[in-house]
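Single-letter residue listing:
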Amino acid sequence: MFTTTGSRGLYKAPLSKGLLMVLNGLTVMLTLLPQYQELFEYNLQAAVKQHQIWRLLLGRLVCLDVKDAFCTSLLIYNFRIFERRFGTRKFASFLLGTWCLSALLDFLLAQAFQFLLEYEVEELSAGLLAPVFSLFVPFYLLIPRMPVTQVLGHIQITNKTLVYIVGLQLLTSSPFMWLLALSGLISGGLYHSNFLHLQKLLFVPVWVSRIGRYILEPLFSSSEPTNETPLGMGATLDIQRQQRMDILDQQLLLAQYNEARRTARQQPQPGLLQWTRLFPSLRQRGQNRPPMQPSPQAQTQPSTEPSTEPSTEPSTQPPLTDNSPVAEEQEPRLWFHSLCPPKKKKSSLSSQPSIFWECHPDSNGPFKQHPQHSETGLTEIRRPLDTAVSATAR
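Note that the structure is predicted; figures quoted are calculated from it, not measured.

Any chance you could break down the overall build of the protein chain for me, citing the residues and the numbers?
Counting its secondary structure elements, the protein chain contains 17 helices and six strands. Residues classed as buried in the protein chain amount to 33% of the 394 residues present. Sequence-distant contacts in the protein chain: of pairs separated by 6 or more residues, those separated by 24 or more amount to 71%. By element, 60% of the accessible surface of the protein chain is carried by carbon and sulfur atoms, the whole surface being about 26000 Å².

Here's what the structure looks like:
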């Protein structure tokens, strides 16, 4: 049933095993002996008008319909996890309290239905139905919800989906089953919230629990399954139980993480265009720019007069990597390099190649023409370059 809590089977759930064996056995016997089914009918009018109080006891224990017995057995088998978590005595106290409360609520809801719609409810479905529906309250509140898969991309299947489907099947089995379901849910909510200290008023006494432990538990106890891989390796049962809970917490966190990632992928992006991708920030433009060759820069001596001799020594600063952000003061320099890439030509005056700047013919930069090899031409290029760099840096 997708509930990964504890081991399979009925290990450490003797009450659940006893209910399954006894109630289903009685259902099979009444099916084979139909002349005795009248004694187990849940007839409210006979209990009120004819004072047949015993019908409130027998009519609310054994299912006369086979499909109701089957769905009830599946739910009891799934809800055995509460007996393992709470203990047999507390689980039996919950069933006893909700069974007594639902008997009163059945009568009140039937009278309210008759008063509002002027329709008399004579007979309801027999069986342990209202206490089983009341177990959906702790099942909804205490059992974590973990996604398992998705159907059609939108319908999500969790570890609790099949349990709700079985409950829905049981709800639609008879016309007035909704009255028993509503009575069970209300009684389960009242007892679980300890309304008016109901847990201290309706409970299984200690002496009854001891009698059941020594007499009934040996009959309905199950051995530990040996074909399963043990989840915990602790020395005590408390440590093993804590290890099981830790594994469940990890599964829950992993499922929530996958759900968050799936939801984030399915969310539509705001706007038609992502402007941050088209226009990145100034300090991160270097991450998206194409790789460039390090440009040689002229090193000048600190003096008051500007030097007219070009320097051919390359810069000692390391080239910028593609993933490092570009500083603001280097932005004008990169802009100039993109417009006017450096080139080397061998001058006719000297044997060493001289460096000069050549602008693209279709660029709108500040340089339209350039001299080829003259020193005055290099000075005319350097002065507008220094002016543009200082203006942009300011």
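Please provide a residue-by-residue account of helix α12 (residues 206–220), values included.
The terminal C-alpha atoms of α12, which comprises 15 residues, lie 19 Å apart, in line with the 21 Å expected from a rise of 1.5 Å per residue. The largest bend along α12 measures about 45° and falls at R213.

Please provide a residue-by-residue account of the pairing of strand β4 (residues 155–158), values included.
Pairing geometry for strand β3 (residues 147–151) and β4, over four bridges, is antiparallel. Bridge pairing in β4 links Q150 to Q156.

Could you give an account of helix α6 (residues 88–117), naming the residues involved and the relevant values?
With 30 residues, α6 should reach 44 Å at 1.5 Å per residue; the first-to-last C-alpha distance of 42 Å fits that figure. Just past α6, the residue E118 takes up positive phi, approximately 55°.

Could you give me a rundown of a nonpolar patch on the surface, with the residues and numbers involved?
There is a patch of nonpolar side chains on the surface, built from W207, V208, I211, Y214, I215, L216 and L219 and spanning about 800 Å² of accessible area. With respect to the helices, strands and loops of the structure, V208 is situated in helix α12.

Break down the nonpolar core for me, with residues and values.
With 42 residues, the main nonpolar core has L75, F79, F82, L124, F136 and F139 as its most contacted residues. Within the residue set of this core, elements represented by two or more residues are α1 (14–32), α4 (66–78), α5 (80–86), α6, α7 (129–134), α8 (136–142), α9 (161–171) and α10 (177–192). With residues near it in sequence (within four places) discarded, F136 still touches L75, F79, V163, Y164, G167 and L185.

Run through the pattern of salt bridges, naming residues and quoting values.
According to the stated counting rule, one finds three salt bridges in the structure shown. In this structure, E120 and K49 form a salt bridge, with 3.4 Å as the shortest nitrogen-oxygen distance. One end of the pair, E120, is in the loop between α6 and β2 (123–124); the other, K49, is in helix α2 (residues 44–49), with 71 residues separating them in the sequence. Here K49 falls in the exposed class, since its relative accessible area comes to 57%. K67 is the salt-bridge partner of D65, the closest N and O atoms lying 2.4 Å from each other.

So what's going on with the environment of Q156? Residues and values would help.
Of note, Q156 is situated in strand β4. For Q156, the contacting residues outside a window of four places in its chain are R145, P147, T149, Q150, T161, E259 and R262. A polar contact is formed between the side chain of Q156 and the side chain of R145, at a distance of 2.7 Å. A distance of 2.6 Å separates a polar atom in the side chain of Q156 from a polar atom in the side chain of E259.

Please provide a residue-by-residue account of the packing of α4 against α9, values included.
As a packed pair, α4 and α9 sit with axes 10 Å apart at the nearest point and diverge in direction by 150°. Accordingly, the angle class assigned to the pair α4 and α9 is roughly antiparallel. In the packing of α4 onto α9, the handedness of the crossing is left-handed. In contact with D68, C71, T72, L74, L75 and N78 of α4, α9 contributes V163, V166, G167, Q169 and L170.

Run through the packing of aromatic side chains, naming residues and quoting values.
Tallied over the entire structure, the rule returns 13 aromatic pairs. Measuring from ring centre to ring centre gives 6.2 Å for F113 and Y119, while their planes differ by 80°; the resulting arrangement is edge-to-face. Residue classification places Y119 among the partly exposed positions, given a relative accessible area of 44%. Counting every residue linked through ring pairs, the aromatic cluster contains F79, F82, F86, F133, F136, F139 and Y164. It is R80 that lies over the ring of Y77; its NZ or CZ is 4.2 Å from the centre.

Go over the side chain of K160 with me, naming the residues and quoting the values.
Note that K160 resides in the loop between β4 and α9. At 3.3 Å, the side chain of K160 and the backbone oxygen of I143 are in polar contact. Not counting chain neighbours up to four residues away, the residues in contact with K160 comprise F139, Y140, I143, P144 and R145.

Outline the side chain of S134, listing residues and values.
With respect to the element layout, S134 can be found in helix α7. At 2.4 Å, the side chain of S134 forms a polar contact with the backbone oxygen of P131. Excluding residues that lie within four positions of it along the chain, S134 makes contacts with F94, T98, G184, L185, S187 and G188.

Please provide a residue-by-residue account of the environment of V148, values included.
Mapped onto the secondary structure, V148 falls in strand β3. Taking the C-alpha atoms as reference points, V148 and T158, ten residues apart in sequence, are found 4.9 Å from one another.

Thresholds, definitions, all that
- Residues numbered from 1 in each chain as written.
- Predicted model: local features only at pLDDT ≥ 70, side-chain atom pairs only at ≥ 80, totals over all residues.
- Heavy atoms only, no water.
- Helix = DSSP H or I, 4+ residues; strand = E, 2+ residues; numbered from the N terminus.
- Buried < 20%, exposed > 50% of the residue type's maximum accessible area, 1.4 Å probe, protein only.
- Contact = heavy atoms within 4.5 Å.
- Areas by Shrake-Rupley, 256 points an atom, 1.4 Å probe, with all protein chains shown as cover.
- Expected span 1.5 Å × (residues − 1).
- Bend = angle between axes of the 7 residues up to and from the residue.
- Pairing = 2+ DSSP bridges.
- Patch = residues over 30% accessible without salt bridge, like charges linked within 9 Å, V, L, I, M, F, W, Y side chains within 5 Å.
- Salt bridge = Lys/Arg side-chain N within 4 Å of Asp/Glu carboxyl O.
- Core = buried A, V, L, I, M, F, W, Y, C linked by side-chain atoms within 4.5 Å.
- Polar contact = N/O pair within 3.5 Å; in protein donor to acceptor, adjacent residues only side chain to side chain.
- Axes fitted to C-alpha atoms, helices over the stretch in contact; angles between N-to-C directions.
- Parallel < 35°, antiparallel > 145°, perpendicular 65-115°, else oblique.
- Left-handed = near helix turned anticlockwise from the far one by under 90°.
- Phe/Tyr/Trp six-rings, centres within 6.5 Å; stacked < 30°, edge-to-face > 60°.
- Lys NZ or Arg CZ within 6 Å of the ring centre and 35° of its normal.

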